[in-house]
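The primary structure of each chain is shown beneath.
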Amino acid sequence: MTLEPERQSALDDAIIESLLREFYVADPNDERRIASILNAIECEATEATTTDSSSTQLLVNLRFQVNRWVSLAIAACVLLVAGLVFTFFSRGNAAYAVVMRSLEVTPKIRAYRMQMVHQHPLWGNREVTADLYLNDQDQFAVRHPGWSRFGEVWIGGDAKSRWVVPRFGPAFVGGEEIVGSWLAKKDIPSPYLHVSTILHRMSRVYHLTMNDDTTLTLADSGEIVACQQIIGELRGFNKTLPSKIELWAKLDSGIAQRLELTWQRAESERGPIRWTIDLMDSPELPSNWFILDGHINEGRRVVSIKSIAELEDVENDDQ
Amino acid sequence: MLTTYLRAAGCDDTLLDDVWQETMIVAWRKLDEFDRSKPFGPWLRGIAARTLLAGRRSANKVVLIDDMESLDYLNQRLERIKQFDGDTLDEKLDALRDCVSKLSITDRECIELRFREDLMPAAMSQRIGIALETVKKRLLRAKQQLQACLERKLQADVS
């Protein structure tokens, strides 16, 4: 940098003037600019999904379409990271912004307490508390107590594979579908394990509204903190998705502190009806916490499962 | 920070709108190229600088600061401002708020008339009833004091 001192001085003066303008008069055009850029990006993404309908492009376009809203979410993050303040958004956009900010500021390693209430036509409502751990590598580990005595199970994995450590019997590793099938048989839910997935979905298929700022008593410390509260109501009906998602994001940091998911379900149906997910203090975890090795003793049998039939064979053999 | 940057570079409202939108679209398209180990702000303002210079060349638009070296300097200075506490620019401006409160009453009056009420020095001179040259001197002095105050706060934060 070889600027003359006079030039530097003029530039410093320009910065002070610009900061003073920001300081005294909030730019009334910020909201318009944001709405305009989101529209422009959405149009661009839509064109990309509709201009080429040839069969060879179909898969690529389909993938793009799936990613489109994620792209929009990232675009919104760009806006937020750029230093825009929520108060400039309309309330609908502000709700969206809070969800996006929660995605952006999620800590590297997080521990959540999940209180899950499930309905069963014969046994009524059952409630368990599970522990969920996530890291910034998209890995997760869950301790689920199971629905019966000795039913505790550890489940973990990443974007490609899953591992499961039941209380008894062999541990196994396999693809998401296989493990999901095993979990479904045990009535242990897995589709919403990833809080980011909930937040992404919330931004995508839910109508978001923003309540007045509120307070929340933290689940771990009992501290009362100021929060922004967002309500997401499902557009249309889908019985596998929660009909309502509520998010409490800390006002000062934007971190998602609590998520509450509610399902609409007929009394004759079984499945989740309410989950409350609370962020707990960032824990010190062993380095192997997010892989199978962190949850099995030496010598424990581990089976790699390639198909659901193979999984059933392993279970039958074990019995 | 992006609007602050573009205003400091001399953009009027119309040009700021154009460059802001173009910058965001380019950033969105190039997000995959962004190195997440580096701070985001300078990257975004770098795109804005190139957009600004390209636009100036293609449309003959008037920009007060029109060389990459100066734009880089502005970028670096604004990145330093980012060191102040706070998630939002408004929170970071608390430091400036504190500095303004330490100005003398007469200097603060000048700053408020100029930036809150958007009066030019001549209009300020009429409003306060003092000579135009005195208004200009007060404004200059006030801005220099604010700059020095912010610098001291930055140094204190670093140490």
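Residues numbered from 1 in each chain as written. Chains lettered and ligands numbered in written order. Predicted model: local features only at pLDDT ≥ 70, side-chain atom pairs only at ≥ 80, totals over all residues. Heavy atoms only, no water.

Draft legend 1. Highlighting the overall build of chain A. Per the secondary structure count, chain A includes 7 helices and 13 strands. When burial is assessed residue by residue, chain A has 48% of its 319 residues classed as buried. For chain A, the share of sequence-separated contacts (at least 6 apart) that also reach a separation of at least 24 residues comes to 51%. Summed over its atoms, the accessible surface of chain A is roughly 15,900 Å², and 49% of this surface lies on carbon and sulfur atoms. (Helix = DSSP H or I, 4+ residues; strand = E, 2+ residues; numbered from the N terminus. Buried < 20%, exposed > 50% of the residue type's maximum accessible area, 1.4 Å probe, protein only. Contact = heavy atoms within 4.5 Å. Areas by Shrake-Rupley, 256 points an atom, 1.4 Å probe, with all protein chains shown as cover.)

Draft legend 2. Quick look at the overall build of chain B. The secondary structure content of chain B amounts to 9 helices and 0 strands. Going from the N terminus to the C terminus, chain B shows its helices and strands as α-α-α-α-α-α-α-α-α. Going through the 159 residues of chain B one by one, you find that 47% of them count as buried. Long-range contacts, defined as pairs at least 24 residues apart, comprise 57% of the intrachain contacts of chain B with a sequence gap of at least 6. Total accessible area computed for chain B in this model is approximately 8,300 Å², and 48% of it derives from carbon and sulfur atoms.

Draft legend 3. Structural detail: the packing of aromatic side chains. Going through the model one piece at a time under the given rule, you end up with 5 aromatic pairs over all chains. Grouped by ring-pair contacts, the aromatic residues A:Tyr133, A:Trp154 and A:Trp289 constitute a single cluster. We note A:Arg258 situated over the ring of A:Trp248; from NZ or CZ to the ring centre the distance is 5.8 Å. For B:Arg114, the ring lying beneath its charged end belongs to B:Phe115, and the centroid distance is 5.5 Å. (Phe/Tyr/Trp six-rings, centres within 6.5 Å; stacked < 30°, edge-to-face > 60°. Lys NZ or Arg CZ within 6 Å of the ring centre and 35° of its normal.)

Draft legend 4. The arrangement of the side chain of A:Arg143 in detail. Residue and element names in this part refer to chain A. Its place among the elements puts Arg 143 in strand 3 (residues 140–144). Reaching out from Arg 143, the side chain makes a polar contact with the backbone oxygen of Thr 129 at a distance of 3.2 Å. Of the polar contacts made by the side chain of Arg 143, one reaches the side chain of Glu 152; its length is 3.4 Å. Excluding its chain neighbours within four sequence positions, the residues that come into contact with Arg 143 are Thr 129, Ala 130, Asp 131, Glu 152, Val 153 and Trp 154. (Polar contact = N/O pair within 3.5 Å; in protein donor to acceptor, adjacent residues only side chain to side chain.)

Draft legend 5. The arrangement of the packing of helix 1 (residues 5–24) of chain A against helix 7 (residues 105–116) of chain B in detail. Packing of helix 1 of chain A against helix 7 of chain B leaves a shortest axis separation of 9 Å and a crossing angle of 80 degrees. The orientation of helix 1 of chain A relative to helix 7 of chain B falls into the category roughly perpendicular. Note on element contacts: helix 7 of chain B touches helix 1 of chain A through B:Ile111, B:Glu112, B:Arg114, B:Phe115 and B:Arg116, opposite A:Glu17, A:Leu20, A:Arg21 and A:Tyr24. Of the residues contributing to the contact of helix 1 of chain A with helix 7 of chain B, the split by class is 4 nonpolar, no polar and 5 charged. (Axes fitted to C-alpha atoms, helices over the stretch in contact; angles between N-to-C directions. Parallel < 35°, antiparallel > 145°, perpendicular 65-115°, else oblique. Nonpolar A, V, L, I, M, F, W, Y, C, P; charged D, E, K, R; others polar.)

Draft legend 6. Broad picture of helix 4 (residues 68–81) of chain B. Here helix 4 of chain B contains 14 residues, and its C-alpha end-to-end distance of 20 Å stays within 8% of the 20 Å for a straight helix at 1.5 Å per residue. Among all positions of helix 4 of chain B, only B:Ser70, B:Leu71, B:Tyr73, B:Leu74, B:Asn75, B:Leu78, B:Glu79 and B:Ile81 are buried. (Expected span 1.5 Å × (residues − 1).)

Draft legend 7. The arrangement of the environment of A:Glu127 in detail. Considering the arrangement of structural elements, one finds A:Glu127 in strand 2 (residues 124–135). Looking at A:Glu127, the relative accessible area reads 54%, which means it is exposed.

Draft legend 8. Geometry of the confidence of the model for chain A. Residue and element names in this part refer to chain A. With 60% of its residues at a pLDDT of 70 or more, chain A shows a mean pLDDT of 69. Averaged over each element, pLDDT in chain A is lowest for helix 3 (residues 55–81) (34) and highest for strand 8 (residues 214–217) (91). A low-confidence stretch, residues 45–92 stays under pLDDT 50, and its non-local contacts, those more than four residues away or across chains, total 75 contacts. (pLDDT = per-residue confidence, 0-100.)

Draft legend 9. Main features of the state of the cysteines. All names here are of chain B. Across all of its chains, the model carries 1 disulfide over all chains by this definition. Disulfide pairing places Cys 99 opposite Cys 149 at an S-S distance of 2.0 Å. Residues Cys 99 and Cys 149 are joined through a disulfide that is left-handed, its torsion about the S-S bond being -85 degrees. Of this pair, Cys 99 sits in helix 6 (residues 94–101) while Cys 149 sits in helix 9 (residues 132–158), and the two are 50 residues apart along the sequence. Note on Cys 99: relative accessible area 3%, which makes it buried. Overall, the relative accessible area of 6% leaves Cys 149 in the buried class. (Disulfide = S-S within 2.5 Å.)

Draft legend 10. Fine view of the side chain of B:Thr3. Topologically, B:Thr3 is positioned in helix 1 (residues 2–8). In terms of polar contacts, B:Thr3 uses its side chain to reach the side chain of A:Glu22, at 2.7 Å.

Draft legend 11. Region of interest: unusual backbone geometry. Residue and element names in this part refer to chain B. Residues other than glycine seldom take positive phi values, yet Asp 118 does so here, at roughly 60 degrees. By the secondary structure assignment, Asp 118 is in the loop between helix 7 and helix 8 (121–128). On the basis of relative accessibility, which here comes to 55%, the residue Asp 118 falls in the exposed class.

Draft legend 12. Inspection of the pairing of strand 3 of chain A at higher detail. Residue and element names in this part refer to chain A. Counting buried positions over the 5 residues of strand 3 gives 5, a clear majority of the element. Across the two faces of strand 3 the burial is the same, with Phe 140, Val 142 and His 144 and Ala 141 and Arg 143 all buried. Examined bridge by bridge, strand 2 and strand 3 share 4 bridges and lie antiparallel to one another. From the neighbouring strand, Asp 131 faces strand 3, where its bridge partner is Arg 143. (Pairing = 2+ DSSP bridges.)

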